[in-house]
Amino acid sequence: MKRKLIAGALLALLAVLALSLASAAGLVVETEPGLFRVRFDLPEERFAVVNFSTAAESGWFTLYSEDGHFEGESALLCSYDPCRLTVRVERVDRRGLEQVRVDSPGTPLPAGEPLPFVNGRRSVRDLVLEPVDGGFSYHFTAQGHGSVKLQYRTARETGAVLLYPDENYVYSGTLLLPHTYNATNVYVTLRSGRGNGTIATGQTTRGYTLTAKETEPAPGGRLNGVIVCIDPGHQNAPGGEREPLGPGMEGYGTVAGGMAQGVVTRRKESIVMLELGFVIRDELLRQGATVVMTREIEERRYSNLERDAVANDAGAHVMLRLHGDNNKSANNRGFSFYYPVHSAYAQAVADTDTYRGYGQLMLDALAARCSYGPGIKTHLDGTDRFVGNNWAMMPCFLVEMGFMSNKYDDVLLSTPEYQQWLAEGIADGVYALAVARGVIDGEE
Ligand SMILES: [Zn+2]
């Protein structure tokens with residue numbers, strides 16, 4: 001009797017488990033030569049991760065959906081014909097949901113007769129890996145190697161492709177990495193096409209062209225007349241130089257050198273914030289604001305004083321200093337706003353309570369648009385320790401847009417649709433602040 005009860009309970013439990021698995025996604029995978037398509041449903045989710053693997057490559061990409069129905073496709077660039085494809089759907093926090101295996105037609109093998117292997121020098125000479133838009137280019141000479149297997153690895157995809165040389169054993173070409181975010185590290189290993197021996201290793205980044213799309217403030221927008229300074233934090237250059245802490249203050253601060261790096265994406269804070277800066281700039285222009293940016297490139301060092309001079313000279317009504325947070329606790333998620341307190345410039349802007357109130361407006365607007373997924377916390381604090389806040393002659397906030405040390409925030413910060421949410425949240429905050437400051441009239 002007791003055994004029967006346990007068996008019954010077990011069956012019921014299994015039924016519940018089977019039901020929850022079946023209702024998780026309803027993942028459908030279809031293949032064509034060189035690509036596959038997926039569709040599935042996650043009614044509670046707006047973002048989902050699709051993982052895929054074949055013998056030759058594996059990777060993942062993020063999909064966005066407004067209604068919980070997801071559709072997407074991916075090229076299989078390095079998978080030879082035929083290949084077995086495994087697809088797994090996960091939530092953005094990387095919890096697995098459902099997995100499907102299908103046989104793909106794959107991509108045909110490259111045509112042409114390979115050069116023979118010959119005895120002689122077997123070393124790789126003149127290996128050059130360079131970023132190009134959407135991927136990287138390779139160029140090297142491997143005397144005596146009739147073929148070379150190039151293996152690549154990034155935070156988002158890995159794969160291997162067999163290469164063939166020209167008649168002088170020169171290998172040259174381009175490899176696209178469609179799932180790897182811009183400016184993510186790419187690790188390359190060259191192996192002998194005959195065996196598995198490593199003959200060279202190298203490192204580059206996935207290339208990109210980064211520009212704002214909008215150029216002029218839209219006429220008739222609700223932010224007409226508002227001037228915003230966007231300051232994407234850091235740069236791809238060392239810092240460390242001392243700067244005076246602030247007007248009317250004693251002591252020094254330093255130009256930021258170290259920065260956060262995505263725990264999953266391996267993207268540097270400087271590039272993520274520059275990319276986000278352009279998305280925010282586009283949204284502000286679309287809403288009618290005038291926008292100045294402290295930097296539009298990666299490869300130059302800007303001091304905090306230089307950055308504040310851009311905002312001060314433009315007569316900006318608000319300055320937003322974009323950063324990505326970093327914490328030993330990988331669970332920390334959310335936004336932080338920091339405003340200056342004791343600098344003479346800050347005190348000329350408003351008394352501390354009023355200044356804090358401006359920060360609260362900005363924070364609430366951002367959190368209202370972007371509190372997605374579990375574990376979000378918000379934080380608002382006054383501090384004297386940021387030189388870049390202290391020298392600004394307008395309301396100025398250092399904004400931590402999310403934790404790059406948290407896998408969930410890290411992935412979202414590099415996902416275009418979430419970047420747009422952030423931009424709209426920032427624009428809402430700028431609007432609320434501009435109305436509170438009397439720069440523009442609020443809507444009735
Ligand atoms: Zn930072």
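Residues numbered from 1 in each chain as written. Predicted model: local features only at pLDDT ≥ 70, side-chain atom pairs only at ≥ 80, totals over all residues. Heavy atoms only, no water.

K.L.:
Could you give an account of the sheet that holds strand β5 (residues 69-75), naming the residues involved and the relevant values?
P.N.:
Pairing in this open sheet of three strands is antiparallel, and the strands run β1-β2-β5 from one edge to the other. The outermost strands of the open sheet, each flanked by one partner alone, are β1 (28-32) and β5. Averaged over all adjacent pairs, the angle separating strand axes in this sheet is 15°, with direction ignored. Pairing between strand β2 (residues 35-41) and β5: seven bridges, direction antiparallel. Along β5, the bridge assignment pairs Val38 with Gly72. (Pairing = 2+ DSSP bridges. Helix = DSSP H or I, 4+ residues; strand = E, 2+ residues; numbered from the N terminus. Axes fitted to C-alpha atoms, helices over the stretch in contact; angles between N-to-C directions.)

K.L.:
Now, about the state of the cysteines: what can you tell me, with residues and values included?
P.N.:
For the coordinates displayed, the defined rule picks out zero disulfides. Distance from the sulfur of Cys78, which forms no disulfide, to the nearest cysteine sulfur (Cys83) is 11 Å. The exposure class of Cys78 is buried, given its relative accessible area of 1%. For Cys83, a relative accessible area of 10% corresponds to the buried category. (Disulfide = S-S within 2.5 Å. Buried < 20%, exposed > 50% of the residue type's maximum accessible area, 1.4 Å probe, protein only.)

K.L.:
Lay out the coordination of the zinc ion in plain terms, naming residues and giving numbers.
P.N.:
Within the first shell, the zinc ion binds the protein through His234 (NE2), Glu269 (OE) and His323 (ND1), at distances of 2.0 to 2.1 Å. Site description for the zinc ion: donor spacing in sequence, H-x34-E-x53-H. You can see Glu269 sitting in helix α2 (residues 269-286) and its partner His323 sitting in strand β19 (residues 318-325), a full 54 residues away along the chain. For Glu269, a relative accessible area of 2% corresponds to the buried category. (Donors = N, O, S within 2.8 Å, 3.2 Å for Na, K, Ca; no water.)

K.L.:
Give a detailed account of the pattern of salt bridges, specifying residues and quantitative values.
P.N.:
Here the structure, examined in full by the defined rule, presents 20 salt bridges. Salt-bridge contacts for Asp103 lead to Arg84; the nearest nitrogen and oxygen are separated by 2.9 Å. A residue pair is termed long-range when its members are at least 10 positions apart, and Asp103 in strand β7 (residues 96-104) and Arg84 in strand β6 (residues 83-91) qualify at 19 residues. Here Arg307 and Asp231 are joined by a salt bridge, their closest N and O atoms 2.6 Å apart. Of this pair, Arg307 sits in helix α3 (residues 304-314) while Asp231 sits in strand β15 (residues 227-232), placing them 76 residues apart in sequence. On the basis of relative accessible area, Asp231 is assigned to the buried category, the value being 1%. Sharing partners across several salt bridges, the network here consists of Arg222, Arg369, Glu424 and Asp428. (Salt bridge = Lys/Arg side-chain N within 4 Å of Asp/Glu carboxyl O.)

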